[in-house]
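# Breakdown of the fold
Listed below are the residues making up each chain.
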Amino acid sequence: MDAITPGPLAPEVLEREDVKRALAEHDFSAAFSLIKKWGGLSQNRIAAACRLTPGKVSTIISGQQQVTSFDVICRIADGLRIPGRMVGLADRPWERQSDAPDPPTPPVARASDDAPWEPVATVGLAADLTRSDLVMDRRSATRALAGAALSGASLLDSLEGWLQPVPSAQREHRRGRIGQREVRELETTARAFRAWDHRFGGGLRRKAVVGQLSEVSSYLEERQAPAVERGLFQVMAYLSGTAATMAWDSGLQKQAQNYYVLALRAAHAAGDVAFGVNVLAGMARQMLYRERPQDALELVHLAQKGARKVASPRVRAMLHTREAWAYAAMGRAAAFRRATGEATEVLAEAERDEEEPYWISYFDEAELAGVTGGRLLDMARENPQDHAESAADNIRSALAGRGSEAGRSHALDLIGLAESHFLMGDVTGAVDHTHRAVDAASRTRSSRVRAQLGQLYPYTVGRSASRTVGEARARIREVLSS
């Protein structure tokens, strides 16, 4: 679909006041009836355009079923070419496209290709990936890289090299220009980028991270002292991990996976097993959001096998929470409780004054409570009576422990707490937490936060919804359309 392909509705249909009012109120029973009347579309034509069944359209028109899913609203807008603003959405992708022909799309480097697990190959992959990323404009990058990430054997088999020893480098270098002081400065920059992403989310500074990564790659193409080379690969791993998280948080799944794999290869070249474990945990989380819990569990087991006794208590506890998350997604409540209990026990071994890598310092009792609450909420959607109250208790503990300075996590906690109260039937508490969640979400640039807010939206839709619920719904729509 592009900007110049005509939609099924004549412009004057969407200009009618009754049509605009029905769409603004998400009264799709009235909207579909008016579209049939004034647009001349049959129920079958509406169903085909919106990727719904004719029976579904029939029940919507008759008022037997309401449209509450954010995803379905998007499909209706795109299928009937209804501008996003008319249904409380941001401009749809086809609205933002120009009439100009697309420029040629540069070839996209893939860090997941079967390149050997050697330092020289990792440097080459970093150079190719960052170069192709930096020269692509936003439209080309989204079109080329937002596709589905690898999964299953094609992904897992390509990562087995992480468990193998690092081979000795066999290549000629030019003389290096930097020393340990410059490596420390680069690491400070990598820490700053990671801290910014952890607090605010989104991809606003992603190109800056990629640019810094490209510079590190160029240093590794030169001859460096062994200690400097290891330090540079470690910085490359940190920057790649942050670039992956930023891309994932912006919805660029394929690009995120490419940077995750590059981060794992760089950590392997640096001999930093602990950070490699952290990268695999990030890849597992990506699989969980893509509803592939078995792949996530395989990635966690690969991380646990590689970590052995190298990983600190916080890292091992974090891995147990990823394992618990996979079990929750599979509906294995008993295994979820076991893995969560193991995470709690291992985290208790961590001393507060113990020196840990900076990238795992965030994982404390509050983070564990937040992750546990989120997974209980997943299960509460299927069985609210057994899990909703426990989810709310854990999320409240997370909110008390990390506060608003946690940024993205704070917003996600508030959204989860609001949903928990809806599931418990506490509409008053749910509305209060929804307003707080909207305030927090508006301060982040995270696509993930907006996606979670979109999942909260259906709870606010209904013919019997009160005025206060309607006000909360309007505020959610305002943020989602911004």
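Below or above, wherever it landed, is the structure these notes cover.

Conventions adopted
- Residues numbered from 1 in each chain as written.
- Predicted model: local features only at pLDDT ≥ 70, side-chain atom pairs only at ≥ 80, totals over all residues.
- Heavy atoms only, no water.
- Helix = DSSP H or I, 4+ residues; strand = E, 2+ residues; numbered from the N terminus.
- Buried < 20%, exposed > 50% of the residue type's maximum accessible area, 1.4 Å probe, protein only.
- Areas by Shrake-Rupley, 256 points an atom, 1.4 Å probe, with all protein chains shown as cover.
- Polar contact = N/O pair within 3.5 Å; in protein donor to acceptor, adjacent residues only side chain to side chain.
- Expected span 1.5 Å × (residues − 1).
- Axes fitted to C-alpha atoms, helices over the stretch in contact; angles between N-to-C directions.
- Parallel < 35°, antiparallel > 145°, perpendicular 65-115°, else oblique.
- Left-handed = near helix turned anticlockwise from the far one by under 90°.
- Contact = heavy atoms within 4.5 Å.
- Nonpolar A, V, L, I, M, F, W, Y, C, P; charged D, E, K, R; others polar.

## Some thoughts on the overall build of the protein chain
A count of helices and strands for the protein chain gives 24 helices and 2 strands. In the protein chain, buried positions account for 53% of the 482 residues. Here the protein chain displays about 21,800 Å² of accessible surface, and carbon together with sulfur accounts for 47% of that area.

## Considering the side chain of Asp249
Along the chain, the position of Asp249 falls in helix H13 (residues 226–249). Residue Asp249 is classed as buried on the basis of its relative accessible area of 1%. Among the polar contacts listed, one links the side chain of Asp249 to the side chain of Ser446, at a separation of 2.8 Å.

## Focus: helix H19 (residues 365–380)
Because each turn of an α-helix spans 3.6 residues, side chains separated by three or four positions in sequence point in the same direction. End to end, H19 covers 22 Å across 16 residues, agreeing with the expected 22 Å (1.5 Å per residue, within 8%). Burial of H19 is extensive: 14 of the 16 residues sit out of reach of the surface. Two or three places before Ala366, at the opening of H19, Asp364 has a side-chain oxygen 3.2 Å from that residue's backbone nitrogen.

## Focus: unusual backbone geometry
Phi at Arg51 takes a positive value of approximately 55°, unusual for a residue other than glycine. The exposed category is assigned to Arg51, whose relative accessible area is 61%. In this structure, Glu291 takes a positive phi of about 60° despite not being glycine. Here Glu291 lies in the loop between helix H15 (273–289) and helix H16 (293–307).

## Some details on the packing of H15 against helix H17 (residues 313–329)
Running from N to C, H15 and H17 point in directions that differ by 20°, and their axes come no closer than 10 Å. For the element pair H15 / H17, the angle class is roughly parallel. Note that H15 runs across H17; the crossing there is left-handed. In contact with Val277, Asn278, Ala281, Arg285, Leu288 and Tyr289 of H15, H17 contributes Val315, Met318, Leu319, Arg322, Trp325, Ala326 and Ala329. By residue class, the composition of the contact of H15 with H17 is 10 nonpolar, 1 polar and 2 charged.

Just geometry here; none of it tells us what the structure is for.
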